[in-house]
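What follows is the residue order along each chain.
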Amino acid sequence: MTMRVDLPDETLAGVLAKAFGNRSFLIGFAITLLVAAVALLSFVWTPYDVTKLVIADKTEAPSVAHWFGTDHFGRDILSMIMVGARNSIAVALVAVGIGMGVGVPLGAFAAARGGIADEALMRVNDLVFAFPALLSAIMITAIFGPGAVNAIIAIGIFNIPVFARVARAGALAIWPREFILAARAAGKGMTEITVEHILPNIATLLLVQGTIQFALGILAEAGLSYVGLGAQPPMPSWGRMLFDAQTRMVTAPWMAIFPGMAIVITVLGLNLLGDGIADILDPKSRRQR
């Protein structure tokens, strides 16, 4: 029989009530839902075609026709932000998926095996962690060229040791527990125990860390695009929009203000969502109340 520690002592209705009573969760969820809705909407509709250059309308200030103004090529900034949202979300989501899909099994395996295997995996993790996503992207693009796919690979590689460390730390706290000893005495193997007992008990840690890494992934994608290593023109990117605006801060400040606000609001929403989830699902937090 599968056993879990620290099971919630509340019903689903109680958890939902706690969620709706958590300000951080509500604000973060609302912001994240709004950004996701804008990104999905951009697949079927944007106010203007983001690939169409209208030089006659370049650097127009925000108006009824162009709510966020236009850039130096006459493109509608609101439309570019909408399309840039889906690019940022896609890159960050896949990169987090890579980091979680590889890092969690490695961390869980290291905690289960211990000894030399644990030490070797953690030292390799430290080596990978020493290379920031930007440096990894530079090395990858030097070989394969710039692009969104290479940005995903670079950010995903950077996420692997993060999730490996979180999974290992959480698993090490579970392995000495009595119900794990009982499972081993019942003849269950390392893999079976990890899947049935360890992973369900560290799911909250991984969920919260995933939210944090998602926000960091959006920042990393913007940074890579800013230096020309992310999504390539004519595909809009928030980071690339900031790069294009840096020489026009005086004459057309809206070119930097609106994409900058999009990055800030999105990252803030994800961080608040992560804090809210941690507060709601953490059994210690519930008991303290």
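Each remark here, short or long, concerns the structure printed above.
Before going into details, it helps to say that this report is about the structure given with it.

### Side note on the pattern of salt bridges
Where charged atoms of side chains with opposite charge meet at close range, the side chains can pair.
Working step 1: Taken as a whole, this structure holds 7 salt bridges when the rule is applied.
Working step 2: Notably, a salt bridge pairs Arg-75 with Asp-71, separated by 2.8 Å at the nearest N-O pair. You'll find Arg-75 and Asp-71 in the same group, each marked buried.
Working step 3: In this structure, the salt-bridge partner of Asp-118 is Arg-168, at a minimum N-O distance of 2.7 Å.

### A closer look at the nonpolar core
Working step 1: Core analysis: the largest hydrophobic core is formed by 44 residues, its most contacted members being Trp-175, Ile-198 and Trp-238.
Working step 2: For this core, the element with the highest residue contribution is helix 3 (residues 77–113), accounting for 11 residues.
Working step 3: Leave out the neighbours within four places in its chain, and Ile-198 touches Ala-171, Ile-174, Trp-175, Ile-180 and Ile-193.
Working step 4: By size, the runner-up hydrophobic cluster in this structure holds 11 residues, among which are Ala-95, Ala-133, Ile-152 and Leu-229.

### Looking at unusual backbone geometry
Working step 1: Residues Pro-233 and Pro-234 are joined by a peptide bond in cis, for which omega reads 10 degrees.
Working step 2: Assignment of secondary structure puts Pro-234 in the loop between helix 8 (190–226) and helix 9 (238–245).
Working step 3: Here the phi dihedral of Thr-59 falls at roughly 45 degrees; this positive angle occurs in a residue that is not glycine.
Working step 4: For Thr-59, the position within the fold is in the loop between helix 2 (23–41) and helix 3.
Working step 5: Looking at Thr-59, the relative accessible area reads 31%, which means it is partly exposed.

Definitions and limits used
- Residues numbered from 1 in each chain as written.
- Predicted model: local features only at pLDDT ≥ 70, side-chain atom pairs only at ≥ 80, totals over all residues.
- Heavy atoms only, no water.
- Salt bridge = Lys/Arg side-chain N within 4 Å of Asp/Glu carboxyl O.
- Buried < 20%, exposed > 50% of the residue type's maximum accessible area, 1.4 Å probe, protein only.
- Core = buried A, V, L, I, M, F, W, Y, C linked by side-chain atoms within 4.5 Å.
- Helix = DSSP H or I, 4+ residues; strand = E, 2+ residues; numbered from the N terminus.
- Contact = heavy atoms within 4.5 Å.

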